[in-house]
Protein chains: 2
Amino acid sequence: MKDFDIKVELTKDKKEKPAFDQLSFGTNFTDHMFVMDYTKGQGWHDPRIIPYQPITLDPAAIVFHYGQTVFEGLKAYRTKDEEILLFRPDQNMKRLNRSNERLCIPVFDEELALAGLKKLISIDKDWVPNVEGTSLYIRPFIFATEPYLGVAASDTYRFLIILSPVGAYYKEGINPVKIAVEQEYVRAVTGGTGNAKTAGNYAGSLKAQVVADAAGYSQVLWLDGKEKKYIEEVGSMNVFFKINGEVITPVLNGSILEGITRKSVIELLNHWDIPVVERKISIDEIFRAYQEGVLEEAFGTGTAAVISPIGELFWQGEKLVINNGETGAISKKVYDSLTGIQTGTKEDPFGWRVKVE
Amino acid sequence: MKDFDIKVELTKDKKEKPAFDQLSFGTNFTDHMFVMDYTKGQGWHDPRIIPYQPITLDPAAIVFHYGQTVFEGLKAYRTKDEEILLFRPDQNMKRLNRSNERLCIPVFDEELALAGLKKLISIDKDWVPNVEGTSLYIRPFIFATEPYLGVAASDTYRFLIILSPVGAYYKEGINPVKIAVEQEYVRAVTGGTGNAKTAGNYAGSLKAQVVADAAGYSQVLWLDGKEKKYIEEVGSMNVFFKINGEVITPVLNGSILEGITRKSVIELLNHWDIPVVERKISIDEIFRAYQEGVLEEAFGTGTAAVISPIGELFWQGEKLVINNGETGAISKKVYDSLTGIQTGTKEDPFGWRVKVE
Ligand SMILES: Cc1ncc(COP(=O)(O)O)c(C=O)c1O
Ligand SMILES: Cc1ncc(COP(=O)(O)O)c(C=O)c1O
């Protein structure tokens, strides 16, 4: 790997760490952060690691008004041998640059960002928790900083990476979640920003989430924006169904996020010779399979929860209880393999792990 | 009006004002800003006017990641008699609260916000420019401040109002603009956030704007997200067509913004007994009318440009030149009346003006 000039300024005021056996999601942050700036004409410059500190911006900064921003989410794990492992971080950097292209944000050097991330983690390595089920959540993000109220792409940006030691994303852990099929609100549509990881997709999803939550469902399952018929994805997960021995996941159609966990699950299933297809799948087809007794499993995939079995789907007044509301065999097998590879307790036949020195 | 307790801290360091005859859009800001905070359990609190200054936020603040934010845009005008007039500001506060509801942001007291706005303008009254075509652009906005990486509505928010003396929005002024019909990208779809004024709608629109700009068009005309067939709106304007003596504008369908200029134009046309209808209108219908020679005028309506005649529409390789690329009679009449009411040179039969004391 190239040698990058990343300046480091260490904190003089280390924070107290939270108890690693009582971690929540995304509320504690480590001592340092990675920062890099973009200026038109100059490109990305001044990559550096500095103490975790507030961001100061002009009130007219474009991010506050027109949401020109993208982000990523990945994790680092501490192994039994005190190694620190990243899971396919190159994929996140690639996706961040794809999101940049959709949002008219200048692309960055992925190798440099990865080098910055590794350096940051090595500095804050004591923050990578060692308790089962915990990890260090990594949030790279980029936002427009130019103070300008015209609707236009910014001439200046900031790239940050912040780190947060986390426990389980769902309070249920690997236990099955209940999910409501969303009938009113729409997350994304072809031609929109659905396949980019950008703020607006999440802002628009909050309302449906609040409604589902009040009804006792932990997430919503989005249908397509055109016909409200085809399955897209769940809040922050892609989704898989096992019907009659075959695993099916919605094909990448431009309006769903290309999940890295999704991709890894498909590769694992192929590796095991378990039939898996990517195709359009309608909610009616799911319901028919349920009625015929061949809807065998359903699960979500995403960095935060890794694998989240779906125990119940709520759709048009019907409660579809899947696999008796229990974790299915495939969900379990995929979960065990993925978390095993991620945390270093299993072989890594695909070369997905990246060690932080 | 109620008496609100709005604290004022005046700047000790007044800025130099830009030349009012050379103003651009949205790059200069006045000496003060209005601020108010929201804390769960406590509600909106501490409305105050303070020197214009940077915003300081935790890097994990929800606005940077999930774009939970809404905004408004309105203007103040200086009359020949040195009065300062606002145009229907109550409508903007109402719409801001409607946007809040879609984005799960707690609603605020519209009267209080309006009182804060008036007080702010009266403090910065010397910034309201007096040159023809200029005005003071007003940007109220609200954003989520809680440092939390879970996808959820924030428990804390900040409400700001900033002010910017502006010249014409389009460099063309009241001269006709060229607009490209967008075929690939989509701004919004029913069930999404299209009828809220929230950051993500604008972030998603940048790409199409960049493409159109490179081809020599100043804005794009959006089609609906489902069939890419029905006309929605332009970048930051609603749109009107005059076909065969009748004025037509797309009906409010949940995916376009309910423009206040749009509403005012409809009320004016009704007042003048000029036929105007709100209905679905397809791009094919526009093209047919063009071919038959009955597409008489087209214009956009919005706070920034007020009325913007459309001189050319580009669609599927065809250039539809409207009214010989010149400003039409209705566009001109509406423009003159609206700007006359706004700037105090004409009667205000509808009571749209609000004086800043
Ligand atoms: C909308 C959305 N879909 C799917 C995913 C899953 O992607 P990944 O497996 O890369 O984490 C995420 C989250 O990360 C997401 O935000
Ligand atoms: C998307 C969009 N449509 C239409 C408008 C016009 O609305 P108004 O007339 O209230 O300014 C605006 C801007 O303000 C806008 O941002």
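Quantities reported herein were computed from a predicted structural model and do not represent experimental measurements.

**Student:** I'd like a description of the overall build of chain A, backed by residues and values.
**Tutor:** Broken down by element type, chain A carries 8 helices and 19 strands. Dimensions of chain A along its principal axes, counting C-alpha atoms only, are 60 × 55 × 35 Å. Relative to its full complement of 357 residues, chain A shows a buried share of 60%. Here chain A has roughly 13,800 Å² of accessible surface; of this, 45% comes from carbon and sulfur atoms. Between the centroid of the 41 positive side chains of chain A and the centroid of its 49 negative side chains there is a distance of 1 Å.

**Student:** Tell me what's going on with the site of ligand 1, and back it up with residues and numbers.
**Tutor:** Residue and element names in this part refer to chain A. Around ligand 1 lies a shell of 16 residues, among which Tyr202, Glu233, Ile260, Thr261 and Thr303 are the nearest. In this structure, an oxygen atom belonging to ligand 1 sits 2.8 Å away from a side-chain N or O atom of arginine 95. One of the backbone nitrogen or oxygen atoms of isoleucine 260 is found 2.7 Å away from an oxygen atom of ligand 1. With the chains in place, 96% of the 380 Å² that ligand 1 exposes on its own is no longer accessible. Within the shell around ligand 1, the residues separate by chemical class into 4 nonpolar, 8 polar and 4 charged.

**Student:** Before we move on, could you go through the environment of Val354(A) and cite the residues and values that matter?
**Tutor:** All names here are of chain A. Tracing the backbone through its elements, the reader meets valine 354 in strand S19 (residues 353–356). Between the C-alpha atom of valine 354 and that of glutamine 342, which follows or precedes it by 12 residues, the distance is 9.6 Å. Each residue touching valine 354, except ones within four places of it in the same chain, is listed here: Ile84, Leu85, Leu86, Pro89 and Lys118.

**Student:** Explain the nonpolar core residue by residue, including any values.
**Tutor:** It is characteristic of soluble globular proteins that their nonpolar side chains tend to be buried jointly. In this structure, Ile121(A) and Ile121(B) are the most contacted members of the largest nonpolar core, which totals 123 residues. Those residues in contact with Ile121(A) that sit more than four places away from it in its chain are Ala76(A), Ile84(A), Leu86(A), Val128(A), Leu136(A), Ile138(A), Leu163(A) and Val356(A).

**Student:** I'd love a proper account of helix H8 (residues 329–343) of chain B, names of residues and values included.
**Tutor:** Because an α-helix packs 3.6 residues into every turn, residues spaced three or four apart end up facing the same way. Residues and elements named next belong to chain B. Taking 1.5 Å of rise per residue, 15 residues should cover 21 Å, and H8 covers 21 Å from first to last C-alpha, within 8% of that figure. Burial in H8 covers these residues: Ile330, Ser331, Val334, Ser337, Leu338, Thr339, Gly340, Ile341 and Gln342. One or two positions beyond H8, positive phi appears at glycine 344, with a value near 85°.

**Student:** Let's hear about the packing of helix H6 (residues 260–271) of chain B against H8(B): which residues, and what values?
**Tutor:** Residues and elements named next belong to chain B. Two numbers describe how H6 lies on H8: the axes approach to 11 Å, and their chain directions differ by 105°. Here H6 lies roughly perpendicular to H8, going by the angle between them. The segment H6 lies against H8, with Thr261, Ser264, Val265, Leu268 and Leu269 engaging Ile330, Val334, Ser337 and Leu338. The residue inventory of the contact of H6 with H8, partitioned by class, reads 6 nonpolar, 3 polar and no charged.

**Student:** Describe the relation of the copies chain B and chain A, listing the residues and the values that go with them.
**Tutor:** The relation between the two copies of this chain is a rotation about an axis and a shift parallel to it. With an axial shift of 0.0 Å and an RMSD of 0.0 Å, the rotation relating chain B to chain A amounts to 180°. Expressed as an axis order, the relation between the two copies is that of a two-fold axis.

**Student:** Hey, could you go over the site of ligand 2 for me, with residue numbers and the actual values?
**Tutor:** Residue and element names in this part refer to chain B. In the neighbourhood of ligand 2, 16 residues make up the surrounding shell, with Tyr202, Glu233, Ile260, Thr261 and Thr303 lying closest. For ligand 2, a nitrogen atom lies 2.5 Å from a polar atom in the side chain of glutamate 233. In isolation ligand 2 has 380 Å² of accessible area, and contact with the protein removes 97% of it. Secondary-structure elements contributing two or more residues to the shell around ligand 2 are H6 and strand S16 (295–302). A class-by-class count of the residues in the shell around ligand 2 yields 4 nonpolar, 8 polar and 4 charged.

**Student:** Tell me about the pattern of salt bridges, and please be specific about residues and values.
**Tutor:** All names here are of chain B. In the structure shown here, the tally under the stated rule is 32 salt bridges over all chains. The partner of glutamate 278 in a salt bridge is arginine 262, with the nearest N and O atoms 2.7 Å apart. With glutamate 278 in strand S15 (residues 276–278) and arginine 262 in helix H6, this pair connects stretches of sequence that are 16 residues apart. Using a relative accessible area of 39% as the deciding quantity, one classes glutamate 278 as partly exposed. For arginine 262, a relative accessible area of 3% corresponds to the buried category.

**Student:** Tell me about the packing of aromatic side chains, residues and numbers included.
**Tutor:** Each pair of aromatic rings is reported with the distance of its centres and the angle of its planes. All names here are of chain A. Under the counting rule described, the total for this entry stands at 39 aromatic pairs over all chains. Taken together, the ring pairs connect Phe34, Tyr38, Trp44, Phe108, Tyr157 and Phe159 into an aromatic cluster. Note that lysine 280 overlies the ring of tyrosine 230, its terminal NZ or CZ placed 4.3 Å from the centroid. Above the face of the tryptophan 272 ring, lysine 333 is positioned so that its terminal group lies 4.2 Å from the ring centre.

**Student:** Hey, could you go over the environment of Phe314(B) for me, with residue numbers and the actual values?
**Tutor:** Residues and elements named next belong to chain B. Within the fold, phenylalanine 314 resides in strand S17 (residues 306–315). What makes phenylalanine 314 partly exposed here is its relative accessible area of 27%. Sequence spacing of phenylalanine 314 and leucine 221 is 93 residues, and the spatial spacing of their C-alpha atoms is 9.3 Å. Look past the residues within four positions of phenylalanine 314 in its chain and what remains in contact with it is Ile179, Ala180, Val181, Tyr217 and Lys319.

**Student:** Quick one: what's the story with the domain arrangement of chain A, residue by residue and with numbers?
**Tutor:** All names here are of chain A. For chain A, the assigned domains read domain 1 (7–166) and domain 2 (177–343). Computed over C-alpha atoms only, the centres of domain 1 and domain 2 are separated by 27 Å. Between domain 1 and domain 2, the residue contacts involve 22 residues of the former and 22 residues of the latter. For the domain 1 and domain 2 pair, buried surface summed over both sides reaches about 1,900 Å², with 57% attributable to carbon and sulfur atoms. The largest share of the area that domain 1 buries against domain 2 comes from Phe71, Phe87 and Arg95, three residues that together contribute 31% of it. Our count for the contact surface shared by domain 1 and domain 2 stands at 2 salt bridges. Between glutamate 258 and arginine 98 there is a salt bridge, and its shortest N-O distance comes to 3.5 Å. If you look at where domain 1 meets domain 2, you find 12 residue pairs in polar contact (both at pLDDT 80 or more). Where the side of domain 1 that touches domain 2 is concerned, the elements lending two or more residues are strand S5 (69–71), strand S6 (74–78), strand S7 (84–87) and helix H2 (89–102). It is H2 that provides the largest number of residues to the side of domain 1 that touches domain 2, a total of 6 residues.

Rules behind the numbers
Residues numbered from 1 in each chain as written. Chains lettered and ligands numbered in written order. Predicted model: local features only at pLDDT ≥ 70, side-chain atom pairs only at ≥ 80, totals over all residues. Heavy atoms only, no water. Helix = DSSP H or I, 4+ residues; strand = E, 2+ residues; numbered from the N terminus. Buried < 20%, exposed > 50% of the residue type's maximum accessible area, 1.4 Å probe, protein only. Areas by Shrake-Rupley, 256 points an atom, 1.4 Å probe, with all protein chains shown as cover. Lys, Arg positive; Asp, Glu negative; His and termini not counted. Charge placed at Lys NZ, Arg CZ, Asp CG, Glu CD. Near = heavy atom within 4 Å. Polar contact = N/O pair within 3.5 Å; in protein donor to acceptor, adjacent residues only side chain to side chain. Nonpolar A, V, L, I, M, F, W, Y, C, P; charged D, E, K, R; others polar. Contact = heavy atoms within 4.5 Å. Core = buried A, V, L, I, M, F, W, Y, C linked by side-chain atoms within 4.5 Å. Expected span 1.5 Å × (residues − 1). Axes fitted to C-alpha atoms, helices over the stretch in contact; angles between N-to-C directions. Parallel < 35°, antiparallel > 145°, perpendicular 65-115°, else oblique. Least-squares fit on C-alpha atoms with pLDDT ≥ 70 in both. Salt bridge = Lys/Arg side-chain N within 4 Å of Asp/Glu carboxyl O. Phe/Tyr/Trp six-rings, centres within 6.5 Å; stacked < 30°, edge-to-face > 60°. Lys NZ or Arg CZ within 6 Å of the ring centre and 35° of its normal. Domains from an automatic or database assignment. Buried area = accessible area lost by both parts, 1.4 Å probe.

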